[in-house]
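Secondary and tertiary structure notes
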Number of protein chains: 2
Amino acid sequence: MKVVFTFEPPAEMRKEIRSSFPYVEFHFFQNVDLAETEMESSEVIVTYGEDLTDEHIERAVQLKWIMVTSAGIERMPLKAIKEKNILVTNARGIHKTPMAEFTIGLLLDHARNFQLQWKNQQQRIWDKTIPQAELNNQSIVIVGAGAIGQEIARLAKAFRMNVFGINSSGTIKENFDEMYSLENISTPLEKADYVVSILPSTEQTVQFYQMNHFEKMKNTAVFINLGRGDVVKEEILIEALNNKEIAHAYLDVFQTEPLPKNHPLWGMENVTITPHISSTTKNYLPRALDIFQKNLHTYINNKGQFINVIDSERGY
Amino acid sequence: MKVVFTFEPPAEMRKEIRSSFPYVEFHFFQNVDLAETEMESSEVIVTYGEDLTDEHIERAVQLKWIMVTSAGIERMPLKAIKEKNILVTNARGIHKTPMAEFTIGLLLDHARNFQLQWKNQQQRIWDKTIPQAELNNQSIVIVGAGAIGQEIARLAKAFRMNVFGINSSGTIKENFDEMYSLENISTPLEKADYVVSILPSTEQTVQFYQMNHFEKMKNTAVFINLGRGDVVKEEILIEALNNKEIAHAYLDVFQTEPLPKNHPLWGMENVTITPHISSTTKNYLPRALDIFQKNLHTYINNKGQFINVIDSERGY
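This one's a predicted model, so the numbers in the text were calculated from it and none came from an experiment. Within any chain, residue numbers begin from 1 and follow the written order of that chain's sequence. In the order they appear in the text, chains get letters beginning with A and ligands get numbers beginning with 1. Where local features are concerned, this predicted model is filtered to residues with pLDDT of at least 70; where side-chain atom pairs are given and counted, the filter is 80 or more; whole-chain, interface and lining totals use all residues. With hydrogens and water set aside, each side-chain value is computed from the structure's full complement of heavy atoms.

Glancing now at unusual backbone geometry. Omega for the peptide link from A:Glu257 to A:Pro258 comes to -5°, which places this bond in the cis form. For A:Gln207, which is not glycine, the phi dihedral falls at a positive 55°. Structurally, A:Gln207 is set in the loop between strand 9 (194-197) and helix 9 (211-216). Despite not being glycine, B:Arg124 shows a phi value in the positive range, around 55°. Numbering of helices and strands runs from the N terminus, with a helix taken as a DSSP run of H or I at least four residues long and a strand as a DSSP run of E at least two residues long. You can see B:Arg124 is positioned in the loop between helix 6 (114-122) and strand 6 (139-143). A relative accessible area of 29% means that B:Arg124 is categorised as partly exposed. Residue burial is assigned from relative accessible area. The probe radius is 1.4 Å, only protein chains are included, and a residue is buried under 20% of its type maximum, exposed over 50%, and partly exposed in between.

What follows is the structure, encoded as structure tokens:
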């Protein structure tokens, strides 16, 4: 049987996969275009989930299973996949550790004014008066209280923060002091020193954040978006920042990625930009391929449960 | 009775102190030189602990108590103080929260390569390939396992790190996986991804770290010094960094402070410098003055226990 990757893991990972499954024919390609020919005779495709089209699904007549090595499947041709009854699994669950650590890193970067400290070093300035705060006793609102949000909450509680969560039900979960539904977000927003959005992109969340949300926040509040860029119109966010409705935004996701060179967000003093990397530590791919290998055993032996099966109708 | 401060807390704190003790005469001065005249008739001096001399102690004939609003008392004229049997109290115990948070902030700054991320933003570079690590499952050696070290350990365990401690006895404490005495530090150093030194300056610790310690560490290890600058000769540290014995040093304390403008540490790529600010968040002074006020009640009422009494013979 044949497995095609539309990306190329590092050599040692390719070697490990091959040695674990000596009777499987693996083809690793740098991108989907190079993979096209082999895909037509493959039973399994392994992809980051942003490169497959209806046409790929139609031509891949042997295809039975797609392993997506990310969590976002909004760009997958799910309708075509469903019609052909192809199994889809993803890598959800491996994002929580790196994303929660990243979040705490951003909080401390802000609280301790690290960016100003590093600038001072470049100019050999010894300034003990730079304002510094603590996380202890500060309030954080975590918008999206799934696996990632819960891990952020766990670490925030270790720092003795006041932790407010937003989820669809409003039902409280471990490590949250209070939980609210999306409709009642205003109440915790008013108290927030930090707002972390890990909302996915769905009909309900696209352009969710409006100017009144930023107006509700303290002028000293920090907005962090690690979920999807389209949950807030960038013009609204820029206006809120220019009006000093909030103090700072840390943005890892954007309406258009990569963020265009001429985009005003790049140059704003009160904005920190990272290139959609909150989950992509060096542990990411090994963990994703671990799920793939476990599922491949299940597939080959036709026995056991697949990890992280996607309902291609619901889309998650 | 008269209380003299050799520094000036912000107006609202001065007001709060005065209103809490209406029958006490408070004098707040910007520095010790301005305070000298009033000190001669004061029962109490409040100081950061770096400005008093033998002569001050001799002239302050009414002096009965010195409140030091820091933890380090190595610059205090302890012999003269002991001879006159003056009570000394300090602010130990208030450093652990800000210093532990600071430590985790530095760890995440390194793991997530934030300084390079921020540089990329300045040049509008979208680079998803910057290497990023996690704290999860990394090893940290905490040299000095007192109150501060234990708080660092508590947070490090929340990040699921492997936590090794160094204290005088080698006796294990909560949140440490293993504990070693200073003589046996080599064993954990070899495993360390991060080494955090919070050693004070004592006969035993001055110039403690030698080249062989850095040679023992991994080439990818990070050395963090938040304790005192004289625990390592800066020439040795610089040589270790230049020889790539370790990957990076975060230094908050130095042999000479402020670090002189022409000091080579300022310009080193693999060194991050902060101006001895690991504990000085905006919560610092309120917490220190809270201890002062509690002790002042004890002093006035001549009843109860003073907090943080220093043995001026032992020096701690």
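The next point concerns the nonpolar core. Note on terminology: a nonpolar core comprises buried Ala, Val, Leu, Ile, Met, Phe, Trp, Tyr and Cys residues joined through side-chain atoms within 4.5 Å. Residues A:Ile140 and B:Ile140 are the most contacted members of the largest nonpolar core, which totals 66 residues. Ignoring anything within four residues of it in the chain, the contact list for B:Ile140 reads B:Leu107, B:Ile152, B:Ala156, B:Met161, B:Asn162, B:Val163, B:Phe164, B:Tyr194 and B:Val196. Contacts are assigned to residue pairs that have any heavy atoms within 4.5 Å of one another.

Residues and elements named next belong to chain B. Inter-axis angles, ranging from 0 to 180 degrees, are taken between N-to-C directions of lines fitted to C-alpha atoms, where helices are fitted over the stretch in contact. Running from N to C, helix 5 (residues 96-111) and helix 7 (residues 147-158) cross one another at 45°; their axes reach a closest spacing of 8 Å. Classed by the angle they form, the pair helix 5 and helix 7 counts as oblique. When the axes of helix 5 and helix 7 are compared, the crossing they make is right-handed. Every residue of helix 7 that contacts helix 5 at Lys 96, Thr 97, Met 99, Ala 100, Glu 101, Thr 103 and Ile 104 is listed here: Ala 147, Ile 148, Glu 151, Ile 152, Leu 155 and Ala 156. Its residues placed into classes, the contact of helix 5 with helix 7 shows eight nonpolar, two polar and three charged. Oblique is the label for any angle not covered by the other classes, which are roughly parallel (under 35 degrees), roughly antiparallel (over 145) and roughly perpendicular (65 to 115). Each crossing gets its handedness from the near helix: less than a right angle anticlockwise from the far helix is left-handed, clockwise is right-handed. Residue type decides the class: Asp, Glu, Lys and Arg count as charged, Ala, Val, Leu, Ile, Met, Phe, Trp, Tyr, Cys and Pro as nonpolar, and the leftover types, Gly among them, as polar.

What follows concerns the sheet that holds strand 11 (residues 248-251) of chain B. All names here are of chain B. Pairing between two strands requires that DSSP report at least two bridges joining them. Taking strand neighbours across the sheet as the criterion, the seven strands line up as 8-7-6-9-10-11-12 in an open arrangement whose pairing is parallel. Single-partner strands in this sheet number two, and they are strand 8 (178-180) and strand 12 (271-273). The sheet shows a mean angle of 15° between the axes of neighbouring strands, taken without regard to direction. Taken together, the four bridges between strand 10 (residues 222-225) and strand 11 define a ladder with parallel strand orientation. When the sheet's bridge partners are listed, Ile 224 is paired in strand 11 with Tyr 250.

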